[in-house]
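Analysis of the macromolecular model
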Amino acid sequence: MCIPAPPVTLCRRALDWCFEPTREGVSVGDFHPATEEYLETIWELEESGISPIRARIVERLGVSAPSVSETVARLEREGYLTLDSGKVMQLTESGRSYARSMVRRHRLAERLLVDVLHVPWHQVHEEACRLEHAISESLEQHLVALLGDPGCCPHGNPIPGSVNHPGQLDLSKLSTVKTGERVVVTRIDEVLENKPEGLLLLEKNGLLPGQEVTVRATDGATVTVSAGDTLVDLPDWVSTCVLVLAAD
């Protein structure tokens, strides 16, 4: 399991880093956030075991189908991805490297926001989506040093390239856990990170990565868990996105 990085002391330079205007000497304006967001989304879909097809991009990014088709075609021409016979997107070597970089910077930004700036847990995903596009390779190295090279983001998702990466864990969806079993909340799927109301429900009830819970009841639509003396009812659209590890 990935243990969150301990809080670190905020300094003025950390704030300055967030707004660094260049990436290795190249203007941020020369980069295309759409390219970065599409490649990052494909990575996240693969990470969740979902086939990255155009319809999933439409759902995740909230853009029109014609716009997705146009951007996917451009990314294919530029050599970032290919389409197989089933229209499933496959990242090329350069596309995967680019996506990995963006996922890494996004999750480091989330750690900065939680550990240093103390932004509420349920809000950091959206803020990190803005910050990630301005993080240069140099800034990334400073963040790693400042944060202690964390292995996971605050939502428990692994940070690619970290020496503290948790590796492959035998995780299950909370929605599939049987009544009476004890489990540890370990990761929150990226699907739920785009639904702050779901994250807020978890945060308000202390159901963050590292929290042990016991499943008390399940009826296919709701999972009731206990954490200490607290009982929490989680709808299926939340419980299917909470990934857990069997408690020792």
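Up top is the structure.
Here the residue numbering is sequential within each chain, running from 1 through the sequence in written order. Per-residue local features are limited, in this predicted model, to residues with pLDDT of at least 70; the limit for side-chain atom pairs, both in listing and counting, is 80 or more; totals at the level of whole chains, interfaces and linings are taken over all residues. As a rule here, side-chain values come from all non-hydrogen atoms in the structure, and water together with hydrogens is ignored.

**What about the overall build of the chain?**
Along the backbone of the chain there are 10 helices and 10 strands. Burial status across the chain gives 45% buried among its 248 residues. For this analysis, residues touch if any pair of their heavy atoms sits within 4.5 Å. Long-range contacts, defined as pairs at least 24 residues apart, comprise 67% of the intrachain contacts of the chain with a sequence gap of at least 6. If you sum the accessible surface of the chain, you get close to 11,900 Å²; carbon and sulfur atoms cover 52% of it. Only DSSP runs of H or I reaching four residues or more are called helices, and only runs of E reaching two or more are called strands; each is numbered from the N terminus. Accessibility here uses a 1.4 Å probe with only protein chains present; expressed as a share of the type maximum, an area under 20% marks a residue as buried, one over 50% as exposed, and anything in between as partly exposed. Throughout, the Shrake-Rupley method with a 1.4 Å probe supplies accessible areas, and for residues the shown protein chains are the sole cover considered.

**Side note on helix 2 (residues 33–47)**
Here the expected span of a helix is defined as 1.5 Å times the quantity of residues minus one. Over its 15 residues, helix 2 extends 21 Å from the first C-alpha to the last, a length consistent with the 21 Å expected when each residue adds 1.5 Å. Taken residue by residue, helix 2 has T35, E36, Y38, L39, E40, T41, I42, W43, E44 and L45 as its buried positions. The first or second residue beyond helix 2 is G49, which carries a positive phi of 75°.

**Topic: the packing of helix 3 (residues 54–61) against helix 4 (residues 65–77)**
Working note: a packed helix pair is described by the angle between its axes plus the distance between those axes. The convention used is that axes are lines fitted to C-alpha atoms, helices contributing only their stretch in contact, and that angles between N-to-C directions extend from 0 to 180 degrees. One can describe the packing of helix 3 onto helix 4 by two numbers: an axis separation of 9 Å at closest approach and a directional angle of 115°. In this structure, helix 3 meets helix 4 at a crossing whose hand is right-handed. Seen from helix 3, the contacting residues are R54, I57 and V58; seen from helix 4, they are A65, V68, S69 and V72. For the contact of helix 3 with helix 4, the class distribution of residues is 5 nonpolar, 1 polar and 1 charged. Here is the rule for handedness: rotate from the far helix to the near one, and if that takes an anticlockwise turn smaller than a right angle the crossing is left-handed, while a clockwise turn gives right-handed. For this classification, the nonpolar set comprises Ala, Val, Leu, Ile, Met, Phe, Trp, Tyr, Cys and Pro, the charged set comprises Asp, Glu, Lys and Arg, and every other residue, Gly included, is treated as polar.

**Let's talk about the sheet that holds strand 8 (residues 222–227)**
A pair of strands is treated as paired once DSSP finds two or more bridges between them. Taken together, the 6 strands give an open sheet; going across it, the order is 5-10-6-7-8-9, and neighbouring strands pair in antiparallel fashion. A single partner strand is all that each edge strand has here, and the edge strands are strand 5 (172–173) and strand 9 (230–235). Two elements, strand 8 and strand 9, share 6 bridges in a ladder whose sense is antiparallel. Residue pairing for strand 9: T224 is matched across the bridge by D233.

**A word on the packing of helix 5 (residues 93–116) against helix 6 (residues 124–131)**
As a packed pair, helix 5 and helix 6 sit with axes 8 Å apart at the nearest point and diverge in direction by 125°. Of the possible angle classes, the one that applies to helix 5 and helix 6 is oblique. Relative to helix 6, helix 5 is oriented so that their crossing is right-handed. When helix 5 is examined against helix 6, the residues H106, A109, E110, L113 and V114 are found in contact with a partner set consisting of V124, H125, E127, A128, C129 and L131. Should an angle fall under 35 degrees it is taken as roughly parallel, and over 145 as roughly antiparallel, whereas 65 to 115 is taken as roughly perpendicular and any remaining angle as oblique.

**Observations concerning unusual backbone geometry**
Here the phi dihedral of H118 falls at roughly 55°; this positive angle occurs in a residue that is not glycine. Position of H118 relative to the elements: it lies in the loop between helix 5 and helix 6.

**Observations regarding the environment of V184**
As for its placement among the helices and strands, V184 is situated in strand 6 (residues 182–188). On the accessibility criterion, V184 (10% relative accessible area) is buried. Through-space distance from the C-alpha of V184 to that of G210 is 6.0 Å; in sequence the pair is 26 residues apart.

**Quick notes on the packing of aromatic side chains**
We call Phe, Tyr and Trp rings a pair once their centres come within 6.5 Å, taking the six-membered ring for Trp, and we label the pair stacked below 30 degrees between planes, edge-to-face above 60, and tilted otherwise. Applying the stated criterion across every chain yields a total of 1 aromatic pair. Both rings, one in Y80 and one in Y98, keep their centres 5.6 Å apart while their planes meet at 65°; by these two values the pair is edge-to-face. Of this pair, Y80 sits in the loop between helix 4 and strand 3 (81–83) while Y98 sits in helix 5; the two residues are 18 residues apart in sequence, bridging distant segments of the chain. Residue class for Y98 comes out buried when judged on its relative accessible area of 16%.

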